[in-house]
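As a plain string of letters, each chain reads:
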Amino acid sequence: MHTINTFFADHQAWTLLVYFVASFALGFVWRSWATYRSTGINPLVLPRNDTTLGYIGRAFKWVMALIFVTLVAYAQQWVPTTATLWLSPWWLRVLAWLGLLVAMACLLVAQSQMGNAWRIGIDTRNATKLVTHGMFRYSRKPIFLALRCAVAGLLILLPTAPVLALVLAAELLMQIQVRLEEEHLSKQHGSVYTQYCAQVRRWL
């Protein structure tokens, strides 16, 4: 255990960088391509206007880009990783790594269960079915829950001021996004969605 812990401590920033690049490639690039190939519809439906949804979309892109840049900076040792806000014990770091792996698995499974209904943003042009099976029987937002767990794991493993700021920004943006999506689903599916919300919690 000491050897494993030492390895991750020495290569933590690089390992986190690989993890987030892999998550982005599998969870967004590949899933977007698969959805487009299956439906002919571009699943990236974030508007480029000055609406709330458009602003949230742009802000989230900036947060994701800054997370990537920050991890590169730490991995290349352009910024020291020793200036931490607190020291996470070894067992908490192990749990964080396990949480990151579970979060990626849950993200991919939930996206697969959504099938062709998966979107990045709110699709006002193409009606999508309401997905209530699989992981959606236990959480209305399992994909966002997985993302929240992933950024929480990042903060545990790299508890620095820049990471904390980015995690707080990501959390705020996701909380707003899920509520916008739920308003849209409520309008689209009416009482069916209202009943679903009464039976299944937003997170867990």
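Residues numbered from 1 in each chain as written. Predicted model: local features only at pLDDT ≥ 70, side-chain atom pairs only at ≥ 80, totals over all residues. Heavy atoms only, no water.

### Quick notes on the packing of aromatic side chains
Taken as a whole, this structure holds three aromatic pairs when the rule is applied. Taking 5.2 Å as the distance between ring centres and 80° as the angle between the ring planes, the aromatic pair formed by Tyr19 and Phe20 counts as edge-to-face. Given a relative accessible area of 7%, Tyr19 falls into the buried group. Sitting over the ring of Trp203, Arg148 keeps its end group 4.4 Å from the ring centre. (Phe/Tyr/Trp six-rings, centres within 6.5 Å; stacked < 30°, edge-to-face > 60°. Buried < 20%, exposed > 50% of the residue type's maximum accessible area, 1.4 Å probe, protein only. Lys NZ or Arg CZ within 6 Å of the ring centre and 35° of its normal.)

### Some remarks on the pattern of salt bridges
This model, assessed by the stated rule, comprises six salt bridges. Glu182 is the partner of Arg202 in a salt bridge, and the nearest nitrogen-oxygen pair spans 2.8 Å. Separated by 20 residues along the polypeptide, Arg202 in the segment after helix H7 (191–199) and Glu182 in helix H6 (residues 161–189) bring together distant segments of the chain. Given the relative accessible area of 21%, Arg202 is considered partly exposed. A residue is classified by how much of its surface remains accessible, and Glu182, at 8% relative accessible area, is buried. Sharing partners across several salt bridges, the network here consists of Arg140, Glu182 and Arg202. (Salt bridge = Lys/Arg side-chain N within 4 Å of Asp/Glu carboxyl O. Helix = DSSP H or I, 4+ residues; strand = E, 2+ residues; numbered from the N terminus.)

### Description of the nonpolar core
Ranked by size, the top nonpolar core spans 54 residues in total, and within it Leu16, Leu71 and Leu154 carry the most contacts. When contributions to this core are tallied by element, the ones reaching two or more residues are helix H2 (12–39), helix H3 (52–75), helix H4 (90–114), helix H5 (142–157), H6 and H7. In terms of residue count, H5 provides more of this core than any other element does, 10 residues in total. Contact partners of Leu154, with chain neighbours within four places excluded, come to Leu16, Phe20, Ile67, Leu71, Leu100 and Val163. (Core = buried A, V, L, I, M, F, W, Y, C linked by side-chain atoms within 4.5 Å. Contact = heavy atoms within 4.5 Å.)

### Looking at empty space enclosed by the protein
Applying the stated criterion to the full structure yields one cavity of 30 Å³ or more. Put simply, the largest cavity is a space of about 30 Å³. Ile67, Thr70, Leu71, Leu154, Val163 and Leu166 together form the lining of the largest cavity. Counting residues per element, the ones that place at least two in the lining of the largest cavity are H3 and H6. Here the lining of the largest cavity gets three residues from one element, more than from any other, and that element is H3. When grouped by side-chain class, the residues that make up the lining of the largest cavity number five nonpolar, one polar and no charged. (1 Å grid on protein atoms, 1.4 Å probe; cavity = no way out; pocket = protein on both sides within 12 Å on 5 of 7 lines; lining within 4 Å. Points joined across faces, edges and corners; volume = space filled by probe spheres on them. Nonpolar A, V, L, I, M, F, W, Y, C, P; charged D, E, K, R; others polar.)

### Quick word on H3
Its 24 residues give H3 an end-to-end C-alpha distance of 34 Å, which sits within 8% of 34 Å, the value for a rise of 1.5 Å per residue. Backbone geometry just after H3 places Gln77 at a positive phi near 65°. (Expected span 1.5 Å × (residues − 1).)

### Notes on the environment of Arg48
Residue position: Arg48 is located in the loop between H2 and H3. Taking C-alpha positions, Arg48 is 7.9 Å from Arg58, a pair spaced 10 residues apart along the chain.

### Observations concerning unusual backbone geometry
Despite not being glycine, Gln77 shows a phi value in the positive range, around 65°. Tracing the backbone through its elements, the reader meets Gln77 in the loop between H3 and H4.

### Focus on the state of the cysteines
What the rule picks out here adds up to zero disulfides. No disulfide involves Cys149; its nearest neighbouring cysteine sulfur is the one of Cys106, lying 7.8 Å away. (Disulfide = S-S within 2.5 Å.)

### So, the confidence of the model for the protein
When pLDDT is averaged across the protein, the result is 91; 95% of the residues are at 70 or more. Contacts from residues 1–8, a stretch scored under 50 in pLDDT, to residues over four places away or in other chains number six contacts. (pLDDT = per-residue confidence, 0-100.)

### A short note on the side chain of Gln12
Mapped onto the secondary structure, Gln12 falls in helix H2. You can call Gln12 buried: its relative accessible area is 11%. Side-chain polar atoms of Gln12 contact the backbone oxygen of Leu157, separated by 2.5 Å. Apart from residues lying up to four places away in sequence, Gln12 is in contact with Arg93, Trp97 and Leu157. (Polar contact = N/O pair within 3.5 Å; in protein donor to acceptor, adjacent residues only side chain to side chain.)

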